[in-house]
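Listed below, chain by chain, are the residues.
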Amino acid sequence: TISAKYFGDAFTITYDDIPFPECGPEEGCTEEEGDEAAGGSGDGELKIGYVLPQTGGLSVIIDALIKPLELAQEEIAAAGGSVTVIPGDSGTDVNVASATVDQLINDGVDAIIGPAATGVTLGVIDKITGSNIVECSGSTTGAVFSTYDDNGYYFRMSPPDSLQGPALADVITEDGRSNVAIVFRNDEYGAGFAGFLADALEDNGVSVAAEVAIDENATSYDAEIGEVAASGPDAVVVITFGEGSILMQGMIEAGVGPADIPIYATDGFKDSVTTDSVDPDNPAVFEAIRGTAPSVAPPDGEPTFLSRLEEFAPGTPTIFSAHFYDCINVIVLASEAAGSDDPTVFVSEMQTVTNGGTECIGYAECSELLAAGEDINYQGASGLVDLNDIGEPTAGTYDVYEYDAEGNAVTQEQVSFSIN
């Protein structure tokens, strides 16, 4: 029997045959042993909260992050699964995210999806993982998390910038650039990405003319742009979020814009900066800017995901959509594999359900295998997933895009990098 109820924006599905371990007096178990068999603090209801930018600089892509969660929720319910999703805002502000995390913890969530940005995640990760709550992000690419002491509770579906840096460096090198300036937002995402990019460029024999940090809250970047111009580069890389609008306006005025010199960008710029925010009268203002971003449709990803998302939520942007979709599916499947909604129990299955068992695509197929007692290897919309023992993908596929005269970032090819 399946019943559904709406509570505000939260959606709950319950059903009467949740495959949790049974242990009671008739099996000769004590009350304490029964609690342990049921998953410790598990209460039979898997609650997942999300902390994503409904406001702030990344709010322009909020549908790309939450619509895949809603799609997965619907598919899980249709296949007889059980999950409650509780929404929350992160802004692009640690204080906003922290208040939301506090509320979700008070609500008794078992897992949290998000935040979206590396810097915001750093501000709340200790609070989440220190509470023994599973955390999964589909878009935090900062390499800092590869070595972060997260208590074993932090996972991500997006590949780290230690892979994207070399991918972008190869694109720049193959384009024949030889003396490149790098402008980056001065946070963990920007500085980390810039470091990997600079190292990879130099490994390729390309000189780094300048590495210039910018304050995301500044209202002008004239001094920093002057430093870039004075370095005499034959290309400029911009690693920003929304502040890239002001930066690009200044670069154009200083004669180092895309009409004057080759410009390269990353996923943060592509996600957050629009032609309207730079020059609303000229959609071609970004023409010929090239860059990389984690692929929205990798060749080894689930092939129908984008069409299903378009049917579910027409016109939704797709940056990181597949990665967030995989987050919720892996959490639910890990809970089912463990037979518990207690995160201290199912955390050990987060990596296991993406490796080594029978390959399966999507929640319904994988859940059916679990119910039959098989180990599974979840194949995701974002690729093979295959989380390693630190909870992140071992390979990344990236779209190489170029802006056309209408202001669209058009994917030209895909490149892959893996962790050696």
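The structure under discussion appears in the preceding block.
Definitions and limits used
- Residues numbered from 1 in each chain as written.
- Predicted model: local features only at pLDDT ≥ 70, side-chain atom pairs only at ≥ 80, totals over all residues.
- Heavy atoms only, no water.
- Buried < 20%, exposed > 50% of the residue type's maximum accessible area, 1.4 Å probe, protein only.
- Helix = DSSP H or I, 4+ residues; strand = E, 2+ residues; numbered from the N terminus.
- Pairing = 2+ DSSP bridges.
- Right-handed = clockwise from strand over helix to strand, strands pointing away.
- Lys, Arg positive; Asp, Glu negative; His and termini not counted.
- Salt bridge = Lys/Arg side-chain N within 4 Å of Asp/Glu carboxyl O.
- Contact = heavy atoms within 4.5 Å.

A.B. asks: Please give an account of the pairing of strand 8 (residues 179-185) that cites residues and values.
C.D. replies: Of all 7 residues in strand 8, 6 are buried; the element is thus mostly enclosed. Strand direction decides the pairing type here: strand 8 and strand 9 (residues 207-214), joined by 7 bridges, are parallel. Within the sheet, the bridge partner assigned to Asn 179 lies in strand 9 and is Ser 207. With respect to chirality, the unit in which strand 8 leads through helix 6 (residues 188-203) into the neighbouring parallel strand 9 is right-handed.

A.B. asks: Outline the side chain of Asp 271, listing residues and values.
C.D. replies: In this structure, Asp 271 sits in helix 9 (residues 267-272). Notably, Asp 271 is buried but unbridged: the nearest opposite-charge side chain belongs to Lys 270, and the N-O separation is 5.5 Å. Every residue in contact with Asp 271, bar those within four places of it in the chain, is listed here: Val 60, Ile 61, Ile 319 and Phe 320.

A.B. asks: How would you explain the pattern of salt bridges if you had to name every residue and give the values?
C.D. replies: Inspection of the entire model under this criterion finds 10 salt bridges. When the shortest N-O distance is used, the salt bridge between Glu 243 and Arg 185 registers 2.9 Å. One end of the pair, Glu 243, is in the loop between strand 10 (235-239) and helix 8 (244-253); the other, Arg 185, is in strand 8, and 58 residues separate them in sequence. The residues Glu 243 and Arg 185 share a single accessibility class, namely buried. Here the salt bridges do not stand alone but share partners, grouping Arg 185, Asp 187, Glu 216 and Glu 243 into one network.

Just geometry here; none of it tells us what the structure is for.
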